[in-house]
Amino acid sequence: TCPSPPGPVRFEERPWESLGHLWGAWHASYVGTRSLVVRYEDLLWRPVETVGAVCSCVGGMTAPPRDFDPILDSYGRGLSRIGNLRRYG
């Protein structure tokens, strides 16, 4: 179970007041660098728009839209999540 309220954590032998403090420092370390952070949720729920925004950001162009199923296209036609849920419940 999770501690309530969240307590101290250790990462790379350094103590942090909480996991939130560690995450904040982790993300702050990227400020001022040439990096692009893309949330997994955006790729999962809005893949066409997200990839389009990334391509635009880096000076590229997206391919013409097509039928796209992120689950089937990622895992292959024979091992789809939906098919396995139907098969194995």
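Below is a summary of the structure that appears in this document. Since the model is a prediction, treat every value here as computed from it, not as a measurement. (Residues numbered from 1 in each chain as written. Predicted model: local features only at pLDDT ≥ 70, side-chain atom pairs only at ≥ 80, totals over all residues. Heavy atoms only, no water.)

Under the criterion given, the structure shown has two salt bridges. The residue Arg10 makes a salt bridge to Glu13 at a minimum N-O spacing of 3.8 Å. Taken individually, Arg10 and Glu13 each receive the classification exposed, so the pair is uniform in this respect. One salt bridge connects Asp42 with Arg39, and the closest N-O pair in it is separated by 2.8 Å. (Salt bridge = Lys/Arg side-chain N within 4 Å of Asp/Glu carboxyl O. Buried < 20%, exposed > 50% of the residue type's maximum accessible area, 1.4 Å probe, protein only.)

Backbone geometry places Glu12, a non-glycine residue, at a positive phi of 50°. Note on placement: Glu12 falls in the loop between β1 (9–11) and β2 (14–16). Since its relative accessible area comes to 67%, Glu12 is described here as exposed. We note that Glu13 has phi near 65°; this positive angle belongs to a residue other than glycine. Its location among the elements puts Glu13 in the loop between β1 and β2. Note on Glu13: relative accessible area 67%, which makes it exposed. (Helix = DSSP H or I, 4+ residues; strand = E, 2+ residues; numbered from the N terminus.)

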